[in-house]
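The residues making up each chain are set out below.
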Amino acid sequence: MSNPSAIMLSLAGRVALVTGGGGGIGSAVASALLKAGAAAFSIDRADRPGPPGVSSIACDVSRSAEVASAVADVVGRAGRLDVVVHCAGITRDAVVAKMSDADWHEVIATNLDSAFYLLRSVAPALRQAGGGAVVLVSSINAERGKVGQANYAASKAGMNAMAMTAARELGRFGIRVNVVAPGWIDTPMTAAVPEEYRQRALDETVVGRLGQPEDVAGAVLFLCSDLGRHVTGQVLRVDGGQLIGH
Ligand code: NAP
């Protein structure tokens, strides 16, 4: 590998943990990190294993003790931790007037509480490794809101704010914390959304195509590698221009 950019993109010798590694975006991220040379672990629901070559650990990310134990398991097995990507997430859509307490709390717990449990659990191991990179997968709807997604947009906006705070707190230990904010990406999460909304998202893009999980994985890989070594506290939209277009 004599190309300097390729060397900087390499994650050889590093250990990566991806939450939601059995999902659409998470499995593409885990595969990309693996291909870049990292030892990769996925923490996800028991029936959602990560892609081949990725070690899977069953964990409900909305539960503090389970996240702490899964992180300890990864560090125990791999001996170190360098890269962490939080992809696990859910939607439970309803307009505010009709949203139940359960839908509100489940989304906040799964998307936002989990990010806190994860950051708190991984920080000591990243520090011990001499530094590292964390990426939280948020959403463009954190910045613009979305009808029916008060719970989801609030959870993702909270993740954005948490990442900026963590970037400030952990920078002196060589730990970078960034957010990738996708627009529409074709995954199991969006497969259930009516075609009319998919078309609207396509119309919002300025590139004339909708995103694929690999598009998000590429941005994550950049941020986690040494190519992104001076980037921290940022929200990087991966949305084909959906937000600048409108
Ligand atoms: P996905 O295919 O549904 O993947 C999400 C993964 O997280 C699934 O394997 C899911 O398992 C898992 N998960 C959910 N709750 C969990 C919990 N409590 N504990 C452990 N694992 C849990 O969705 P995706 O589209 O790849 O989304 C990945 C991330 O990108 C999410 O944070 C999402 O909000 C964000 N995002 C997606 C889009 C998009 O257009 N697809 C756009 C912007 C942001 P189950 O399937 O069993 O629930």
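Think of each chain on its own: its residues are numbered from 1, step by step along the sequence as written. Local features in a predicted model are, by the rule used here, given only for residues with pLDDT of at least 70; side-chain atom pairs are given and counted only at 80 or more, and totals for whole chains, interfaces and linings are based on all residues. Only hydrogens and water are removed before side-chain values are computed, so all heavy atoms of the structure are retained for them.

**Some details on the sheet that holds strand 6 (residues 175-182)**
Any two strands with at least two DSSP-identified bridges between them are counted as paired. The numbering of helices and of strands both runs from the N terminus, where a helix is a DSSP run of H or I of at least 4 residues and a strand a run of E of at least 2. Here seven strands make up an open sheet; going across it, the order is 3-2-1-4-5-6-7 and the pairing parallel. Looking at which strands have only one partner, the edges of the open sheet turn out to be strand 3 (55-58) and strand 7 (235-238). When strand polarity is set aside, the average angle formed by the axes of neighbouring strands in this sheet is 20°. Here strand 6 pairs with strand 7 via four bridges, running parallel. Across the sheet, Val179 pairs through a bridge with Val235, a residue of strand 7. Only the contacting stretch of a helix is used when fitting its axis, a line to C-alpha atoms as for every element, and angles between N-to-C directions run 0 to 180 degrees.

**A word on the site of the ligand**
Near the ligand lie 29 residues; those nearest to it are Ile25, Asp44, Tyr152, Ile185 and Thr187. By the criterion applied in these results, polar contacts are pairs of N or O atoms within 3.5 Å in which, for protein atoms, one can donate a hydrogen and the other can accept it, and in which residues neighboring in sequence qualify only through two side-chain atoms. A distance of 2.9 Å separates a nitrogen atom of the ligand from a polar side-chain atom of Asp60. Contact between the ligand and Cys87: an oxygen atom at 3.1 Å from a main-chain N or O atom of the residue. Within the complex, 92% of the 880 Å² of free accessible area of the ligand lies under protein. Buriedness for pockets is judged along seven lines, at least five of which must meet protein on both sides within 12 Å for an open set on the 1 Å grid over protein atoms alone, while cavities are sets there where a 1.4 Å probe fits but cannot get out, and lining residues have an atom within 4 Å of a point. A molecule is said to be in a cavity or pocket once over half of its atoms fall within 2 Å of that pocket's grid points. Here the ligand is seated within the largest pocket. Listed by contribution, the elements that provide at least two residues to the shell around the ligand are helix 2 (24-35), helix 6 (150-170) and helix 7 (188-191). No other element matches the three residues that helix 7 contributes to the shell around the ligand. We call a residue near a molecule or strand as soon as one heavy atom of that residue lies within 4 Å of the molecule or strand. Working definition of accessibility: Shrake-Rupley area with a 1.4 Å probe, residue cover restricted to the visible protein chains.

**What about a nonpolar patch on the surface?**
The patches reported here contain residues having more than 30% relative accessible area and no salt bridge. Joining distances are 9 Å for like charges and 5 Å for nonpolar side chains (Val, Leu, Ile, Met, Phe, Trp, Tyr). Any carboxyl oxygen of Asp or Glu that lies within 4 Å of a side-chain nitrogen of Lys or Arg is treated as forming a salt bridge with it. Taken together, the side chains of Leu9, Phe222, Leu227 and Leu236 make up a nonpolar region of the molecular surface, amounting to roughly 270 Å² of accessible area. One can find Leu9 in helix 1 (residues 4-9). Note on Leu9: relative accessible area 30%, which makes it partly exposed. Between buried and exposed lies partly exposed: a residue is buried under 20% and exposed over 50% of the maximum accessible area for its type, with that area taken using a 1.4 Å probe on protein chains only.

**Some words on the pairing of strand 5 (residues 132-137)**
Counting buried positions along strand 5 gives six out of six residues, so the element sits mostly inside the fold. Here strand 5 shows no split at all, with Gly132, Val134 and Leu136 on one side and Ala133, Val135 and Val137 on the other all buried. In this sheet, strand 5 lies alongside strand 4 (residues 83-86) in parallel orientation, the contact comprising four bridges. Across the sheet, residue His86 finds its bridge partner in strand 5, namely Leu136. One ladder, built from six bridges, connects strand 5 with strand 6; its direction is parallel. When the bridges of strand 6 are listed, Val134 appears paired with Val177.

**A short note on the nonpolar core**
Residues grouped as a nonpolar core are buried Ala, Val, Leu, Ile, Met, Phe, Trp, Tyr and Cys residues, joined through side-chain atoms within 4.5 Å. Leu81, Val134, Leu136 and Val177 are the most contacted members of the largest nonpolar core, which has 35 residues in total. Counting residues per element, this core draws most heavily on helix 4 (residues 101-128), which supplies 10 residues. Setting aside residues up to four positions removed in sequence, Val134 forms contacts with Val84, Leu119, Leu126, Ile175, Arg176, Val177 and Asn178. Residues Val29, Val85, Val220 and Leu223 belong to the second largest nonpolar core, which totals 29 residues. In what follows, a contact means two residues having at least one pair of non-hydrogen atoms within 4.5 Å.

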